[in-house]
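# A structural walkthrough
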Amino acid sequence: MAIVESVQNGSNGPRRMKLSSPSTETPIGEITVTTAEEVRAAVRRARAAQSGWEATGFDGRRRYMEKALKVLLRRQEEFIDVIVRETGRSRMETIMMEIFPGCDSLAYYPKKAKKILADQKVPLHLLKNKKMVLSYRPLGVIGIITPWNGPFILSLNPTVQALMAGNTVVLKPSEVTPFSGKLVAELFRDAGLPEDIVIVVEGDGETGAALVDAGVDKISFTGSVRTGRKIGEACGRSLTPCTLELGGKDPMIVCADADVVRAAGGAVFGAMMNCGQFCSSTERVYVVEAVADEFIGRVVEKVKKLKLGTAGDFDLGPIIWPNQLEIIERHVQDAIAKGAKLLTGGKRALEMGKLFYEPTVLVDVTHDMALMREERFGPIVPIVRVRDENEALRLANDCVYGLAANVWTKDNDKAIRLAKRIEAGAVCVNDSAITYGVTEAPFGGRKSSGVGQVNGDAGLKSYCFAQPIVLDRFGIKEEQMWYPYTGEKVKILQKIMKWVWGTPLGRMMT
Ligand code: NAD
């Protein structure tokens, strides 16, 4: 079944996309696809609005964000309804993953941006006749392209950062969850944001590609590695800066001294939250032999208690995008054929609906199984027993992805040592998948998991161009280096070099 279907009436009619609920398979609405010309027009409008928005200043922009925060708190039930209808998730998870961090983003960046992006006077180590002001200038129009698995927060959070830095935004949410993405425009409209500061364009990859080619000043992309590569190539051709937040295959390392009860709970939550449909879900568990039996027993016990559902109190909803179900089934079948042992789950939960999959635990898995190599969005915990932490580290790093990781031990010093040896953009200790929610933490992947970072000071600055403004201090009539070049000037320059880098006092003073 398709939950999103492209339709067109006649050869000249606008293309539309029809959406159905992944939980109930009933129609939930349709969108009209924005054409490439309309996307270019949106970017032109956003560009025309940018200087006015920048002139609003940090305090002015902050006031709009404060209004938006009030709107989100006031209209949260309505927003939750939209997201739940489109994703089939529980209300609890929708608040936890979308609304709560959305409020934090709307509060944090407006409060901090003025300080983080303030002009900085930078003392110069060498050229004492100069001084420098570093100014964080907005880039202009930011094109934001987002996926379906965190459809509101992954659209809102980069938008808030880009706006607070003084940019305007053209946002292209996923065609799988367009209504949740549109809530971002709705939120800012209700907060009284002027026209064309945030414009949403709608459609699939064609619309996304049109946005990349529409002359924006930066692309902020969150999505798959496959699409990220295409966007990176297109941005390379037009020399457009881009941030690529891509897929992951996060490892979990459980040390012999871990709190096994907490680690088992963390493994289940880390792998099952949002039915495993998030970039930093735990997809590979490496547990040291000494605690493996107890850990595996507890994980299975917890997984068996998870409740699938469509309404009321439940833990796991459906797989939002049907193509993911095929990946899940292929991974589980391939693993079992290669010797993995299924401890629970392992098939669709058809009694719930066509897109539900039973929460699953597999052991005896190895790295020659697709399950341990390719990214998968599904409710699966694959567990590997390892001799020691070194073997766990070797396996954790044996992966093309490097988004995030988690380590479980009672010894924080050891945790930090291990974290530094993991090839991942972020590491949590005794918790999982929390880094994106730590607003101060720059978030981004290593290896194939991406380029650049969002969030924190680094994320906010990534929506700016750091412009050094170098000022002359003394206003003397002529600089030594200016024309004419003479042998005398060569000697002076050599004397300066000898003193600066050839004497202890010179080295100390520069
Ligand atoms: P996707 O790459 O298929 O689509 C993402 C967005 O890109 C959609 O809006 C889509 O319409 C658009 N798109 C598709 N083709 C395009 C093209 N050629 N040019 C421009 N835009 C195009 O990803 P998805 O399936 O929606 O999302 C799941 C992926 O996102 C997973 O790999 C997941 O790990 C990743 N993700 C990463 C992060 C992170 O922060 N690193 C967060 C969430 C999701």
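Residue numbering note: each chain is counted from 1, following its sequence as written. For a predicted model such as this one, the threshold for reporting local features is a pLDDT of at least 70, and the threshold for listing and counting side-chain atom pairs is 80 or more; totals across whole chains, interfaces and linings nevertheless cover every residue. With hydrogens and water excluded, all non-hydrogen atoms of the structure serve as input to the side-chain values.

Once that is clear, we can look at the pairing of strand β2 (residues 15-20). Successive side chains on a regular strand alternate, one facing one side of the sheet and the next facing the other. With a 1.4 Å probe rolled over the protein chains alone, any residue whose accessible area is under 20% of its type maximum counts as buried; one over 50% counts as exposed, and the rest are partly exposed. Helical segments are the DSSP runs of H or I of at least four residues, strand segments are the runs of E of at least two, and each set is numbered from the N terminus. For β2, a buried count of 5 out of 6 residues is recorded, marking the element as mostly surrounded by other parts of the structure. Only strands that DSSP links by at least two bridges are regarded as paired with each other. Sheet analysis places strand β1 (residues 4-8) next to β2, joined by 5 bridges and oriented antiparallel. Opposite V4, over in β2, you have L19 as the bridge partner. Where β1 folds back on β2, the antiparallel hairpin that results is connected by 6 residues, among which G10 adopts a positive phi of roughly 70°. One ladder, built from 5 bridges, connects β2 with strand β3 (residues 27-32); its direction is antiparallel.

Below, the discussion takes up the site of the ligand. Neighbouring the ligand are 30 residues; K172, E175, S224, T227 and E375 lie closest to it. Definition of a polar contact: a pair of N or O atoms within 3.5 Å, with one able to donate and the other able to accept a hydrogen when the atoms are protein atoms, and with sequence-neighbouring residues admitted only if both atoms are side-chain atoms. In the environment of the ligand, an oxygen atom lies 2.7 Å from a nitrogen or oxygen atom belonging to the side chain of E175. Computed with a 1.4 Å probe, the accessible areas rest on the Shrake-Rupley method; for each residue, only the protein chains presented here act as cover. Relative to its unbound accessible area of 850 Å², the ligand is 91% covered by the protein chains. Taken together, the elements giving at least two residues each to the shell around the ligand come down to α7 (205-212), β9 (218-222) and α8 (225-238). Being near a molecule or strand, for a residue, means having at least one of its heavy atoms within 4 Å of it.

P484 follows Y483 through a cis peptide bond whose omega is 0°. You can see P484 is positioned in the loop between β21 (464-472) and α15 (487-502). In this structure, N274 takes a positive phi of about 55° despite not being glycine. One non-glycine residue with positive phi stands out, namely N430, at about 55°.

Our next topic: the sheet that holds strand β15 (residues 380-386). Spatial ordering of the open sheet is given by β13-β14-β15-β12-β11-β17-β18, a layout of 7 strands whose pairing is mixed. Edge positions in the open sheet fall to β13 (341-344) and β18 (426-429), since each of these has one partner strand only. On average, each strand axis in the sheet is inclined to that of its neighbour by 25°, with strand direction left out of account. Alignment of strand β17 (residues 404-408) against β18, held across 4 bridges, turns out to be parallel. Considered in β18, the bridge of A404 is made with A426. Against the sheet, helix α10 (residues 289-305) touches β11 (250-254), β12 (282-288), β13, β14 (360-363) and β15, its axis set at about 170° to β15. To obtain each axis, a line is fitted to C-alpha atoms, and for helices this fit is confined to the stretch in contact; angles are then taken between N-to-C directions over 0 to 180 degrees. Contact definition: two residues touch when any of their heavy atoms are within 4.5 Å.

Cysteine sulfurs are considered disulfide-paired once they come within 2.5 Å of each other. On inspection of all chains with the given rule, the structure shows 0 disulfides. Cysteine C242 is unpaired, with the sulfur of C235 as its nearest cysteine sulfur at 4.1 Å. With relative accessibility at 22%, the residue C242 sits in the partly exposed group. Of the cysteine sulfurs around C279, a residue in no disulfide, the closest is that of C428, at 12 Å.

Salt bridges are identified by distance alone: a Lys or Arg side-chain nitrogen within 4 Å of an Asp or Glu carboxyl oxygen. For the coordinates displayed, the defined rule picks out 38 salt bridges. In this structure, the salt-bridge partner of D204 is R15, at a minimum N-O distance of 2.9 Å. Residue D204 is located in the loop between β8 (198-200) and α7, and its partner R15 is located in strand β2; the two are separated by 189 residues in the primary sequence. Considered together, D204 and R15 belong to a single accessibility category, that of buried residues. The shortest N-O distance in the salt bridge between R74 and D190 comes to 3.7 Å. Of this pair, R74 sits in helix α2 (residues 57-74) while D190 sits in helix α6 (residues 178-190), and the two are 116 residues apart along the sequence. You can call R74 exposed: its relative accessible area is 58%. According to the relative accessible area criterion, D190 is partly exposed, its value standing at 33%. Through salt bridges that share partners, R74, R75, E78, E186, R189 and D190 make up one connected network.

In short, shape yes, function no, at least from these values alone.
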